[in-house]
Each structure stands twice: as structure tokens, then as C-alpha cells.
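# Summary of structural features
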Amino acid sequence: MSKSQIACSINATECTIVRLKTSGTTGYSLSACKTLPLGIGDLASGKGKRILKKLDRYLKEWHNEDLALCIEPATYLPLPAYFPAHASAEECKAYCTIEAGYFLSHPELYRCDHAGYCNTISSGMHKKHLLLFYPDEHCKKVSEHFSINHQIVFSGSPLLPLLHLSKLTGEPQIILELENNFVLLTISRNGRVEKFSFHQVKNKEEREYFSIKVLVDNPVCRETGVQLTGTMADRIIMALIGKETSIALKPLSIPPSISISNPQRFSVSSASAVKAISAALMALSEQKETTIF
């Protein structure tokens, strides 16, 4: 029986709504994909309510269906931590809350995504996790608005949905994100973090320096294609990084090994579309696991 999932991704400059359906045992098909030139900046302005109502109009066709939300934060506060090896999802959530109390001055203002690392066990009793804290204001606002008509099955940053892509492909995935105030490199395998490098930057020169440094410092980047995304990821800096590192760069995209039968029907090349589809894929996988177990 086919299952469907709607998802909405909002980044700095645009937002995308998608509806993805399972097709066969391992494939998917897109039944909707709509990208609007409205982002977090618009949401934070006086236009916020009007933008959410506009999104409501696109979602009304799937009234009461589950919704996955992917909201791009302005920055991250990363923290490595060790949790008991066999901690459940609820226990990990509780540990994140405890860590937030130690790590943040006002933990109630932040949300936390956490992911496991690959093959990094300090002892048989504990496993390393990456905790990513970020301001909760926009996530909370959007979630509360859409929860009136939809059950929210995921609400968080793009990190977990993008990590999940490497679980579906079984191949390593490298993503370099360039934003106004940070440079972020994530290397993932099988849905887990292999390498996470985050640098705050103040200007163009620092952004270029750390972009080149994180790629050069990780030899696997020469073996696997690096995907580039972010507000500051334009053709000029892509050409500069490619020239200085001799590493192949390409825009963020859904891996071709993930079978989506009809992407040509829609424009899916934008970063917000890729993240919305990734969120839908992750939610569908979790539906499947829940059904099986």
C-alpha cells in the first residue's frame, strides 16, 4: 500500500512544500512541489502571518495529513556528548535537555537536534553524539501554526533529513554549507555523522579561508563529490574553492541512487526543495520502521 508524506522547508530566502509518495518497495514519486521566494527574513517581519496563511492555501489539499517541517536556523551551537550506548530516543531527548542546562544561559529559548557518530565508542557503555542547539523561535512559531491542521511528525533543522540521505544510499555524503556567519562541513555515512566541522565567520575572507581549509583537512573530500549549499554559495566562491582545492563541487541535490520516478514534473533544484524532499524521505522511513516493528 502506497504511503504519502507532505513536508515544508523554509530557509533564509525561500520555502518549498512537497508531497512524496512511496512507489513499489524502494521507489518514490512526487505528487507536488512548490517553491516560493519567501524565507525566514520574511517570516520574522510583519509579513509572517500572511506568509503562513499563503502556505496554508497550498497545504489545504492535504488537510489533516502528517507534516514534516524543516526550518533553517540562523546559526548553530554544536556540542559533542556521550550517551549510554543503548539509550532510547526518549532517553536521548532527556539527556539533551540536561546538557542544554549546562551549556546554555537560556536553554528554554533553544531547540536541539542530535545525531550519532560513526564508529566512535569511547567504551562499551557509551556512544558519541552530536548535539546541535539553535534558536527555537521560528521552529516553534511555524510548528504551532501548522499543528492546527496537521500532526507534526518532525520539526527541526535540515541536519537530520540530510544525514538520512546517506542512510538511504549507503554511500558517504559530504555537504559544505556557506552562510553569512558560518561555514559548516558534514561528512555522513549510513545516516550518522563521520565528521562535523563548524566555524563562525565574520567576513568574506574568513568564509573563503575556512571553506578551503575544511576540505583540504579531510582527504575523503577528494574521493567523494562535495555538495555545496547555503546563502553565500554562489558561482564565484564555488569556482574559487574548486581552483584552490582541485576538489569537484556541485550544488546540493537528491542523490541519483534514490529512485524518484518523476522529478522532471517539478523544479527540484533549489536547496529548499532538496531539504523538503529529504524531510519527507526521513518521515516516510520512520513510518515504515514503525509499521514493521
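Notes on the structure in this doc start here. Source: prediction; values computed, not measured.

### As for the pairing of strand 3 (residues 27-36)
Counting buried residues along strand 3, seven of its 10 residues qualify, which places the element largely inside the surrounding structure. In terms of strand pairing, strand 2 (residues 15-23) meets strand 3 through nine bridges, oriented antiparallel. Following the sheet pairing, Cys15 is matched in strand 3 by Leu36. A loop of three residues connects strand 2 with strand 3, the two strands running antiparallel in sequence, and Gly24 in this loop sits at a positive phi of about 75 degrees.

### Some points on the state of the cysteines
Where two cysteines share a covalent bond between their sulfur atoms, that bond is called a disulfide. Taken as a whole and judged by the stated rule, the model has zero disulfides. Unpaired in terms of disulfides, Cys221 finds its nearest cysteine sulfur in Cys118, a separation of 14 Å. Relative accessible area serves as the criterion here: at 2%, Cys221 is assigned to the buried category.

### Points about the packing of helix 6 (residues 204-216) against helix 8 (residues 235-245)
Close contact between helix 6 and helix 8 brings their axes to 10 Å; oriented N to C, the two are set at 45 degrees. Between helix 6 and helix 8, the crossing angle belongs to the class labelled oblique. The way helix 6 lies across helix 8 gives a crossing that is right-handed. Judged by residue contacts, Arg207, Glu208, Ser211, Ile212, Leu215 and Val216 of helix 6 engage Ile237, Leu240, Ile241, Glu244 and Thr245 from helix 8.

### Thoughts on the side chain of Ser211
You can see Ser211 is positioned in helix 6. Using a relative accessible area of 0% as the deciding quantity, one classes Ser211 as buried. Separated by 2.6 Å, the side chain of Ser211 and the backbone oxygen of Arg207 make a polar contact. Contacts of Ser211, omitting those with residues within four sequence positions, involve Leu176, Leu178, Val183 and Ile241.

### Side note on the pairing of strand 4 (residues 67-71)
Here strand 4 lies mainly inside the structure; five of its five residues are buried. Burial of the side chains of strand 4 extends over both faces: Leu67, Leu69 and Ile71 are buried on one face and Ala68 and Cys70 on the other. Sheet topology note: the strand 1 (residues 4-10)/strand 4 ladder contains five bridges and is parallel. Paired with Ile10 across the bridge in strand 4 is Ile71. When strand 4 meets strand 8 (residues 152-156), the two strands line up parallel, connected through four bridges. Residue pairing across strands places Leu67 opposite Ile152, the latter belonging to strand 8.

### Things to note about the sheet that holds strand 7 (residues 126-135)
Spatially, 5-7-6 is the arrangement adopted by the three strands of the open sheet, whose pairing is antiparallel. Two strands in the sheet have a free side with no partner beyond their single neighbour: strand 5 (77-84) and strand 6 (110-116). Ignoring which end each strand starts from, the neighbouring axes of this sheet average 30 degrees apart. Where strand 6 and strand 7 come together, seven bridges link them in antiparallel fashion. Considered in strand 7, the bridge of Tyr110 is made with Pro135. Strand contacts of helix 5 (residues 159-169): strand 6 and strand 7, with the helix running at about 15 degrees to strand 6, the strand carrying the most contacts.

### Concerning the environment of Ile40
Locating Ile40 in the fold gives a position in helix 1 (residues 40-44). Expressed as a C-alpha distance, the spacing of Ile40 and Leu131, which sit 91 residues apart in the sequence, is 23 Å. When residues no more than four places from it in sequence are discounted, the contact partners of Ile40 are Ile10, Asn11, Ala12, Ile71, Glu72 and His138.

### A short note on the sheet that holds strand 9 (residues 173-178)
Spatial strand order, 11-10-9-12-13: five strands in an open sheet with mixed pairing. Strand pairing shows two members of the sheet lacking a second neighbour, strand 11 (192-200) and strand 13 (249-251), which therefore form its edges. Geometrically, the sheet is characterised by an average inter-axis angle of 25 degrees between neighbouring strands, direction not taken into account. Two elements, strand 9 and strand 12 (residues 226-229), share four bridges in a ladder whose sense is parallel. Counted as the bridge partner of Glu177 is Thr229 from strand 12. The sheet contacts of helix 8 involve strand 9, strand 12 and strand 13, and relative to strand 13 the element is tilted by about 155 degrees.

### What about the pattern of salt bridges?
Overall, the coordinates contain six salt bridges when judged by the stated rule. Between Arg19 and Glu65 there is a salt bridge whose closest N-O contact spans 2.9 Å. Note that Arg19 is positioned in strand 2 and Glu65 in the loop between helix 2 (48-59) and strand 4, a separation of 46 residues in sequence. Across the pair Arg111 and Asp136 runs a salt bridge, and its minimum N-O distance is 2.6 Å. One end of the pair, Arg111, is in strand 6; the other, Asp136, is in the loop between strand 7 and helix 4 (137-146), with 25 residues separating them in the sequence.

Calculation criteria
- Residues numbered from 1 in each chain as written.
- Predicted model: local features only at pLDDT ≥ 70, side-chain atom pairs only at ≥ 80, totals over all residues.
- Heavy atoms only, no water.
- Buried < 20%, exposed > 50% of the residue type's maximum accessible area, 1.4 Å probe, protein only.
- Helix = DSSP H or I, 4+ residues; strand = E, 2+ residues; numbered from the N terminus.
- Pairing = 2+ DSSP bridges.
- Disulfide = S-S within 2.5 Å.
- Axes fitted to C-alpha atoms, helices over the stretch in contact; angles between N-to-C directions.
- Parallel < 35°, antiparallel > 145°, perpendicular 65-115°, else oblique.
- Left-handed = near helix turned anticlockwise from the far one by under 90°.
- Contact = heavy atoms within 4.5 Å.
- Polar contact = N/O pair within 3.5 Å; in protein donor to acceptor, adjacent residues only side chain to side chain.
- Salt bridge = Lys/Arg side-chain N within 4 Å of Asp/Glu carboxyl O.

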